[in-house]
Amino acid sequence: MSGERYNPRESEPKWQKIWDDAKSFVTANDDPREPYYVLEMFPYPSGRIHMGHVRNYSMGDVVARYYRARGRNVLHPMGWDAFGLPAENAAIERKTHPGTWTYQNIEAMKAQLKSMGLSIDWTREFATCSPEYYQHQQALFIDMLEAGLITRKNSKVNWDPVDMTVLANEQVIDGKGWRSGAVVEQRELTQWFFKISDFAEDLLEALDTLTEWPEKVRTMQRNWIGKSEGLRLLFELAPSDKTDASSIEVFTTRPDTIFGASFVGLSPDHPLTTALAANNPALVDFVAECHSHGTATETLEKAEKQGFDTGLRVKHPVIPGATLPVYVANFILMDYGTGAIFGCPAHDQRDLDLARKYGLSVIPVVLPHGADPETFEIGTEAYVDAGNIFNSGFLDGLSIDDAKKKIAEHFDARTVDGKPQGKVEVNYRLRDWGISRQRYWGCPIPVIHCEVCGTIPVPKKDLPVRLPDDVTFDKPGNALDHHPTWKHVHCPQCGASARRETDTMDTFVDSSWYFARFTAPQAETPTVPSVANRWLPVDQYIGGVEHAILHLLYSRFFTRAMKATGHVDISEPFKGLFTQGMVTHETYKSETGEWVNPTEIVIETSGDTRTARDLRTNAPVAIGSVEKMSKSKKNVVDPDEIVGTYGADTARWFMLSDSPPERDVQWTEAGVEGASRFQQRVWRLVNESIEISKQSLETVSKNDNTDALALRRIIHRSVHGIAQDIEGLRFNRAVAQIYELTNALTKALGSNLGPAQRAAIAEGVEKLTILLSPMMPHLAETCWEVLGKPGLVADASWPDVDPALLVDDEVTLPIQINGKRRAEITVPKGTPAAEVERLVLSLDEVIRILEGKTPKKIVVVQDRIVNVVV
Ligand code: ANZ
Ligand code: ZN
């Protein structure tokens, strides 16, 4: 084999089969070693893996293989997030069943993942669309329903008119459906909700304990939960013939600005609005106009501010005799606070927009530090920053915080309608999680609606509630609802004719507990608590930052809900979280402005300029900016092609080597070729040291040879440093250290090597092979084999480190020749005199000064000085 090029196409499938046959990566739950659970976010089976997957799974595999080598019992599973709309759309397009499409994709993608040589325990694989999985999700649903963690309520929902389904607020982006891109409408529907808002405070507080999460993700979750401390405040209505109501309750976080109030605002869905609309057709029209937009906060924030003067007035709570108008305004949500506000245009942008539009007064009451109260004015921008209160009677001169306290006390001491006028209150922006979806390809919600008994959970013995296979997608909407028989059932309680729930669960439910299922994927209950508790939380979770809110927050909630129902005994699912950057590539455009795929061009370099032309037509192609790989810009490379050309190890290596893992990595031909060359270099090095490695070397531990000792220091430092970098997920730095070690070993190879040097090289090459194995596992196995090492490198222990070789204990000795300092030399501390003498006499400067004479005497004071007498 020696002398030949390394051939990944031959060796990669070979080792994959050997690992498979040896069950190398199958994990036993009863293994007594300390557990370590590493997980990458499981893929949606879209049909093919992309380079983002390659990057994600390469990182996870390094972690998995590393901790295996460290003697941990590693759990590294893989599955499929397999429910969801694309399967239904594909079914409609291709006239097949969503399941057929899904399982074909799974098969194709699994083959791709296997070709990457990932150390995955495939015996634990599952797809969330299989009844074996979703029956347990249904059981969890029933337990959570019984534990009061789920409710059914009527609510305003985001309706996607293209996908014909409800979307969660998180799934509405810029007022549009996250998948369809259609402008979302508002509808009122009865929906199932997980009561995530009950956990708002806990979900918020526990973020502080997630010290192994990126700060940015924690901040995003904090903002999403959106805790506000404020005041509920009653405004007395001035007598009016339009309503019997006597007061309006608002929620404010800025009671300190009360002297700047210029109106009270009601949500279009506020009961008072509804009551007033009964006699006011113009108001009915206004409310309808508001409803034609989505409910998502973002949509409301961006929409133009609109108001409707109800004609009602309230008494100003702190200025005797003054009154304020009552408006209905489109930006006020009914399900936040009280659905009513007081508007202070000088210090709130939305209020200011409304005030400018309808000519309401703008009274500044917070004076920026250093500003002149006589001339300070508000233009088109509200002033929302710090300052001191002014124009505010008894609050004048106070800071915002002090004014908040004082005004809260003031209102607490007064009463309206027999209640305190103001009460301190905490509010959260986090809404309950609406999970009803009017789609077929999802987990059926296991309930039955009976006219006599109401809404009844399906008895557990009747689970799973299976999706029917014989469905058609020729009509828009929910195929389950269209099915002729599926929904007609008997009530499990009274036996009367009843109706099955035809909504299915949001697919984010499926991914909210799959990590727990992996711990006992064949169990007859959703989890085996003792097993789950041993494995969980996941030690290291790796995935994209796009899941910072949705999936990661839902999973945190679901884990708490599973704890409350006895399925696990932990609250946080993921101890360590790592969000990797994206894979980018140059873009190319033809003369006619069409995107061109990298495989269709050739690049020519002359000096510093690079030009591209079309492979077939020779037409020039413009080289564009570097962007995230995406089908729409055609700047994608296909993992299959890369693996076919260079091998999986090269792809893995390049993905790990080029940038810090949290940053974007740019895929380049030059980069992947560099990785491929490195693979061959390692292969040559190993081959050239086979003979050395196979000799028996009893003198290995003798450190009396400086070169050998220096090399051993590099080896041991690499072992130590690479371990630290992998543990810190600094894969690119680990890779850089492997390069250095390879260089050092290549340099050390040569003729006339003494036994200590040969031993050091043998040690170094063996250790290099192990260090390499998390990143280039196939190459490492091949090297291990040719070096004649026993077993598989996949089973080898991480090399031991001699701590003595890590301490930086070199000394620089001055060299005096005939009493004059002429040179110096750096040697490891404690280097014996004879060795120092040898080294000194081989120094160029010394040879020059000696001019061929033999020194009379050489005195080496260990670790201090060298005196040469000529
Ligand atoms: C008066 C005021 C003056 C306000 C001022 C702000 C600035 P956060 O911090 O996000 O909780 N608000 C209250 N309920 C609302 C609802 N249902 N829909 C829309 N807006 C609502 O925001 C709380 C602030 O948002 C509250 O404080 C209220 O306006 C408004 F200079 O009260 B504020
Ligand atoms: Zn019944």
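Presented here is a report on the structure given in the accompanying data block.

About the criteria used
Residues numbered from 1 in each chain as written. Chains lettered and ligands numbered in written order. Predicted model: local features only at pLDDT ≥ 70, side-chain atom pairs only at ≥ 80, totals over all residues. Heavy atoms only, no water. Helix = DSSP H or I, 4+ residues; strand = E, 2+ residues; numbered from the N terminus. Buried < 20%, exposed > 50% of the residue type's maximum accessible area, 1.4 Å probe, protein only. Polar contact = N/O pair within 3.5 Å; in protein donor to acceptor, adjacent residues only side chain to side chain. Axes fitted to C-alpha atoms, helices over the stretch in contact; angles between N-to-C directions. Parallel < 35°, antiparallel > 145°, perpendicular 65-115°, else oblique. Contact = heavy atoms within 4.5 Å. Nonpolar A, V, L, I, M, F, W, Y, C, P; charged D, E, K, R; others polar. Expected span 1.5 Å × (residues − 1). Arc of directions from axis to C-beta. Pairing = 2+ DSSP bridges. Lys, Arg positive; Asp, Glu negative; His and termini not counted. Salt bridge = Lys/Arg side-chain N within 4 Å of Asp/Glu carboxyl O. Donors = N, O, S within 2.8 Å, 3.2 Å for Na, K, Ca; no water. Tetrahedral: all angles 85-135°; square planar, octahedral: opposite > 155°, others 65-115°.

### Topic: the environment of Glu627
Position of Glu627 among the secondary structure elements: in strand S31 (residues 620-628). Assessed through its relative accessible area of 26%, Glu627 is described here as partly exposed. Within polar-contact distance, the side chain of Glu627 engages the side chain of Ser625 at 2.8 Å. Looking at Glu627, its side chain comes within polar contact range of the side chain of Lys633, at 3.3 Å.

### Things to note about the packing of helix H19 (residues 648-657) against helix H23 (residues 731-748)
It is the contact of H19 with H23, at a shortest axis distance of 7 Å, that shows an interaxial angle of 115°. The angle between H19 and H23 falls in the class roughly perpendicular. Across from Trp653, Leu656 and Ser657 in H19, the residues of H23 making contact are Phe731, Asn732, Val735, Ile738 and Tyr739. Residue classes in the contact of H19 with H23 are distributed as six nonpolar, two polar and no charged.

### Quick notes on helix H1 (residues 8-21)
Within an α-helix, residues lying three or four positions from one another point in the same direction, as the helix has 3.6 residues per turn. Between its first and last C-alpha, H1 extends 20 Å over 14 residues, near the 20 Å set by a 1.5 Å rise per residue. Residues of H1 that are buried include every one of Pro8, Ser11, Glu12, Trp15, Gln16 and Trp19, and no others. Mapping the buried residues of H1 onto a view down its axis gives an arc of 130°, with all of them on the same face. Across from the buried face of H1, at angles greater than 90 degrees, the exposed residues are Arg9, Glu10, Lys17 and Asp21. In this structure, the buried residues of H1 make contact with helix H2 (51-69), helix H4 (98-115), helix H18 (639-646), H19, helix H20 (669-688) and helix H25 (777-786). Sitting at the head of H1, Asn7 places a side-chain oxygen 3.0 Å from the backbone nitrogen of Arg9.

### Quick look at the sheet that holds strand S23 (residues 488-490)
Strand order in the open sheet formed by four strands is S22-S21-S24-S23, with antiparallel pairing between adjacent strands. Each of the sheet's edge strands pairs with one partner strand only, and the pair in question is strand S22 (454-457) and S23. In this sheet, neighbouring strand axes are inclined to one another by 40° on average, regardless of whether the strands run parallel or antiparallel. Looking at chain direction, S23 and strand S24 (residues 497-500) are connected through three bridges and run antiparallel. Across the sheet, residue Val489 finds its bridge partner in S24, namely Ala498.

### Looking at the side chain of Arg517
As for its placement among the helices and strands, Arg517 is situated in helix H15 (residues 514-517). Glu132 provides the closest opposite charge to the buried, salt-bridge-free Arg517, at an N-O distance of 8.7 Å. For Arg517, the residues in contact, after removing those within four places along its chain, are Phe126, Glu132, Tyr133, His136, Gln522, Ala523, Thr525 and Pro526.

### So, the pattern of salt bridges
Per the stated rule, a full pass over the model turns up 47 salt bridges. The shortest N-O distance in the salt bridge between Arg439 and Glu88 comes to 2.6 Å. Of this pair, Arg439 sits in the loop between strand S20 (436-437) and strand S21 (447-450) while Glu88 sits in helix H3 (residues 85-94), placing them 351 residues apart in sequence. Here the two residues Arg439 and Glu88 agree in accessibility, since each one is buried.

### Quick word on unusual backbone geometry
Residue Pro464 is reached from Leu463 by a cis peptide bond, and omega for that bond is -5°. Tracing the backbone shows Pro464 in the loop between S22 and helix H13 (479-482). Between Leu536 and Pro537 the backbone carries a cis peptide bond, its omega angle lying at -5°. In this structure, Leu729 is a non-glycine residue whose phi angle is positive, near 60°. Looking at where Leu729 falls in the secondary structure, it is placed in the loop between helix H22 (706-727) and H23. In this model, Asp863 sits at a positive phi of 65°, which is unusual for a non-glycine residue.

### Remarks on the coordination of the zinc ion (ligand 2)
Ligation of the zinc ion (ligand 2) by protein atoms is provided by Cys450 (SG), Cys453 (SG), Cys491 (SG) and Cys494 (SG), these donors lying 2.2 to 2.4 Å from the ion. With four donor atoms in place around the zinc ion (ligand 2) and angles of 104 to 115° between them, the coordination shape is tetrahedral. Sequence spacing of the donors to the zinc ion (ligand 2): C-x2-C-x37-C-x2-C. On the criterion of sequence distance, the pair formed by Cys453 in the loop between S21 and S22 and Cys491 in the loop between S23 and S24 is long-range, its members being 38 residues apart.

Purely spatial values, then, with no claim about function.
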